[in-house]
Amino acid sequence: MLISFTVENWLSFKERSTFSMAASREKQHAQRVPRIKDYKMSLLPVAAIYGGNASGKTNLFKALSFAKNLIVRGTQPESHIPVEPFRLDPACLKAPTLLSFELFTENRCYEFGFKVTSEKVVEEWLVEIRKTTEKELFRRQGDQIRFAPELKKKQFLQFAFQGTRDNQLFLTNAVHQKVETFKPIYKWFRDKLVLIAPDSRFGPLEIVLQKDHPLSQQMSKTLSQLDTGIARLGDEYIELENLPMPEKLQQQLMGDLSEGERVDFRIEPDQDRFLITKKDGRIKARKLVSYHSNTQGEQIRFEITHESDGTRRAIDLLPAFLDLIGGTDRVYAIDELDRSLHTLLSQSLLNGYLDSVDPDSRAQLLFTTHDVLLMDQKIFRRDEMWVTERDPMGCASLIAFSDYKDIRSDKDIRKSYLQGRIGGIPRILLSDLSNQRFTDKAQGDAS
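The structure presented is a predicted model; accordingly, all values stated were derived computationally and were not measured. (Residues numbered from 1 in each chain as written. Predicted model: local features only at pLDDT ≥ 70, side-chain atom pairs only at ≥ 80, totals over all residues. Heavy atoms only, no water.)

Draft legend 1. Just the overall build of the chain, in detail. What the chain contains, in helices and strands, is 13 helices and 20 strands. Against the 2.2 N^0.38 benchmark of 22 Å for 447 residues, the chain shows a C-alpha radius of gyration of 25 Å, consistent with a compact globule. Judged by the C-alpha coordinates and their principal axes, the chain covers about 75 × 70 × 60 Å. Counting every position in the chain, which comprises 447 residues, the buried fraction comes to 50%. For the chain, the share of sequence-separated contacts (at least 6 apart) that also reach a separation of at least 24 residues comes to 62%. Charge-centre separation for the chain: the mean point of 65 positive side chains lies 5 Å from the mean point of 64 negative side chains. (Helix = DSSP H or I, 4+ residues; strand = E, 2+ residues; numbered from the N terminus. Rg over C-alpha atoms; globule rule 2.2 N^0.38 Å. Buried < 20%, exposed > 50% of the residue type's maximum accessible area, 1.4 Å probe, protein only. Contact = heavy atoms within 4.5 Å. Lys, Arg positive; Asp, Glu negative; His and termini not counted. Charge placed at Lys NZ, Arg CZ, Asp CG, Glu CD.)

Draft legend 2. Region of interest: the sheet that holds strand 20 (residues 396-400). Strands sit in the order 11-17-18-5-19-20 across an open sheet of six strands; the sheet is mixed. Here the strands that pair on one side only, and so sit at the sheet edges, are strand 11 (193-196) and strand 20. Adjacent strand axes in the sheet meet at a mean angle of 15° when their direction is disregarded. Relative to strand 19 (residues 385-390), strand 5 (residues 46-51) runs parallel, the two sharing four bridges. Residue pairing across strands places Gly51 opposite Thr388, the latter belonging to strand 19. Against the sheet, helix 1 (residues 57-72) touches strand 5, strand 11, strand 17 (331-334), strand 18 (364-368), strand 19 and strand 20, its axis set at about 130° to strand 11. Sitting on the sheet, helix 10 (residues 309-325) touches strand 11, strand 17 and strand 18, and the angle it makes with strand 17 is about 155°. (Pairing = 2+ DSSP bridges. Axes fitted to C-alpha atoms, helices over the stretch in contact; angles between N-to-C directions.)

Draft legend 3. Just the pattern of salt bridges, in detail. Under the definition given, this model contains 22 salt bridges. The closest approach of N and O atoms between Glu128 and Arg108, which form a salt bridge, is 3.8 Å. Of this pair, Glu128 sits in strand 8 (residues 121-129) while Arg108 is found in strand 7 (residues 108-116), placing the two residues 20 residues apart along the sequence. Glu136 is the partner of Arg146 in a salt bridge, and the nearest nitrogen-oxygen pair spans 2.9 Å. With Arg146 in strand 10 (residues 144-147) and Glu136 in strand 9 (residues 134-141), this pair connects stretches of sequence that are ten residues apart. (Salt bridge = Lys/Arg side-chain N within 4 Å of Asp/Glu carboxyl O.)

Draft legend 4. Expanded view of the sheet that holds strand 2 (residues 17-20). With antiparallel pairing, the seven strands of this open sheet are ordered in space as 2-1-6-7-8-9-10. Edge positions in the sheet fall to strand 2 and strand 10, since each has one partner strand and no second. In this sheet, adjacent strand axes meet at a mean angle of 10° when their direction is disregarded. Its contacts with the sheet put helix 4 (residues 155-162) on strand 9 and strand 10, and the angle it makes with strand 10 is roughly 155°. Those strands touched by helix 6 (residues 183-192) are strand 1 (2-8), strand 6 (97-105), strand 7 and strand 8, and its axis lies near 100° from that of strand 6.

Draft legend 5. Main features of the packing of aromatic side chains. Tallying each qualifying case throughout the model produces 15 aromatic pairs. A ring pair is formed by Trp188 and Phe189, whose centres lie 4.9 Å apart and whose planes are at 85°; its orientation type is edge-to-face. By relative accessible area, Trp188 is classed as buried at 1%. Between Phe367 and Phe380, the ring centres sit 6.0 Å apart and the planes meet at 50°, which makes this aromatic pair tilted. Here the residue Phe367 occupies a position in strand 18, and Phe380 occupies one in the loop between strand 18 and strand 19, the gap between them amounting to 13 residues. Judged by relative accessible area, which is 1%, Phe367 ranks as buried. On the basis of relative accessibility, which here comes to 0%, the residue Phe380 falls in the buried class. Clustering of aromatic rings is evident, with ring pairs tying together Phe5, Phe101, Phe112, Phe114, Trp188 and Phe189. One cation-aromatic arrangement involves Arg232 over Tyr291; the distance from NZ or CZ to the ring centre is 4.0 Å. (Phe/Tyr/Trp six-rings, centres within 6.5 Å; stacked < 30°, edge-to-face > 60°. Lys NZ or Arg CZ within 6 Å of the ring centre and 35° of its normal.)

Draft legend 6. Representation of the packing of helix 8 (residues 214-225) against helix 10 in the model. At a minimum axis distance of 10 Å, the contact between helix 8 and helix 10 shows a crossing angle of 120°. The pairing of helix 8 with helix 10 is recorded here as oblique in orientation. Helix-helix and strand crossings are classified by hand; for helix 8 and helix 10 the assignment is right-handed. Facing helix 8, whose interface residues are Leu215, Gln218, Met219, Thr222 and Leu223, helix 10 presents Ala314, Ile315, Leu318, Pro319 and Leu322. Considered class by class, the residues forming the contact of helix 8 with helix 10 number eight nonpolar, two polar and no charged. (Parallel < 35°, antiparallel > 145°, perpendicular 65-115°, else oblique. Left-handed = near helix turned anticlockwise from the far one by under 90°. Nonpolar A, V, L, I, M, F, W, Y, C, P; charged D, E, K, R; others polar.)

Draft legend 7. Structural context of the side chain of Thr228. Mapped onto the elements, Thr228 comes out in the loop between helix 8 and strand 12 (232-239). A distance of 2.7 Å separates a polar side-chain atom of Thr228 from the backbone oxygen of Leu223. A distance of 3.3 Å separates the side chain of Thr228 from the backbone nitrogen of Ile230, its partner in a polar contact. Beyond its immediate sequence surroundings of up to four residues, Thr228 is in contact with Leu223, His292 and Thr311. (Polar contact = N/O pair within 3.5 Å; in protein donor to acceptor, adjacent residues only side chain to side chain.)

Draft legend 8. Representation of the pairing of strand 1 within the structure. Burial analysis of strand 1 places six of its seven residues in the buried class, the great majority of the element. Relative to strand 6, strand 1 runs antiparallel, the two being bridged by six bridges. Its bridge partner being in strand 6, Thr6 is matched across the sheet by Ser100. Sheet analysis places strand 1 next to strand 2, joined by four bridges and oriented antiparallel. Residue pairing for strand 2: Thr6 is matched across the bridge by Thr18.

Draft legend 9. Molecular detail of helix 4. Turning to helix 4, its buried residues number three or more, namely Leu157, Ala160 and Phe161. One side of helix 4 carries all its buried residues, which in axial view fall inside an arc of 100°. Within helix 4, the exposed residues directed more than 90 degrees away from the buried face are Gln155, Phe159 and Gln162. Each element contacted by the buried residues of helix 4 is listed here: strand 9, strand 10, helix 3 (149-152) and helix 5 (170-176). (Arc of directions from axis to C-beta.)

As structure tokens, this is what we get:
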């Protein structure tokens with residue numbers, strides 16, 4: 001589970017900002033807040049992040065994505081670290097970017113963080129947070145590293161550090177070198193943190209194409225209940241020569257795929273996706289299709305690309321929500337949850353998840369949204385709602401609604417938000433635009 005996330009000198013976040021999933025003393029919806037008994041800590045199951053356009057919401061999501069990729073995929077030799085510092089202050093372009101996480105995994109709490117520039121890792125640290133104390137497992141500063149006393153005896157850790165490039169995290173290289181000590185943190189980023197961008201397409205295609213798989217069956221059932229018009233999902237086989245791809249690419253697939261290997265393939269973002277398999281020396285492809293019932297009760301096949309944007313977005317998000325409802329221990333971060341979704345559909349998905357949460361749950365959902373109709377204390381606690389705000393200098397900040405003392409539990413916070421008393425709304429100077437129009441007209445008439 002995610003406890004907190006800190007960012008500094010990243011895109012619009014010039015100053016250090018911390019996003020926390022630690023529950024405050026709020027009493028709203030207390031019955032569904034997960035409890036970590038050994039640490040006497042409560043962590044929130046959900047967080048909604050609001051804010052105007054260009055206020056910083058997506059930049060938080062991008063920071064999570066950057067951190068995950070740097071930790072899990074790493075970097076190539078001689079390549080630059082794709083860091084994106086604050087660009088409106090020349091001093092920030094040369095300063096390192098800081099990203100730090102507090103997380104709970106395998107019944108332990110850790111803090112892992114790093115400072116990086118485009119050329120190198122300036123600093124990196126891992127701390128085990130115990131019940132009453134903290135223990136620094138390692139701290140890297142430049143070309144030096146310091147280990148906890150019991151880890152100093154393990155010479156292979158020193159060897160792993162000596163083989164760590166300047167543009168590479170030690171944690172990443174150590175795990176790649178079969179060091180088991182730090183693997184829980186690496187696995188959390190690799191397996192537990194799931195990011196869904198606005199243009200992400202449906203993930204576990206192979207599973208849904210298995211008609212007898214529980215997820216496939218549940219997807220079809222839920223889509224029919226969400227008023228999408230879909231009676232069920234299905235699949236269709238396609239011969240290699242009928243695939244919409246150049247012949248040269250087809251030949252490359254024939255040569256590159258090994259027997260029994262499966263590849264999820266799509267040529268363009270909005271085109272069909274294919275699950276391509278090599279079996280008995282031949283390439284076979286399957287794609288997802290949908291079925292609608294006609295007036296005679298017959299099921300008519302539809303291409304997924306012919307479904308509405310909202311239906312396709314629902315198909316993209318359903319695996320995440322079904323996983324959340326099923327009791328996963330993953331952390332899902334969704335950028336623009338409400339993209340192409342009706343408010344009632346978004347609310348239904350959220351309520352379905354929150355109704356499944358209890359003190360023993362270990363799932364979490366973070367999402368950004370513009371949908372103020374979801375800004376409802378009947379759904380969320382005040383500490384589960386956040387707002388991003390950008391000042392006149394372009395610097396973003398992050399504030400929890402629970403930090404505002406005048407927001408009572410019985411208050412309609414939507415009204416306060418839309419009136420700008422909480423922040424996070426765009427400063428639209430429509431009156432200036434209107435005045436400019438009349439000024440231009442007057443100048444034209446005068447000439």
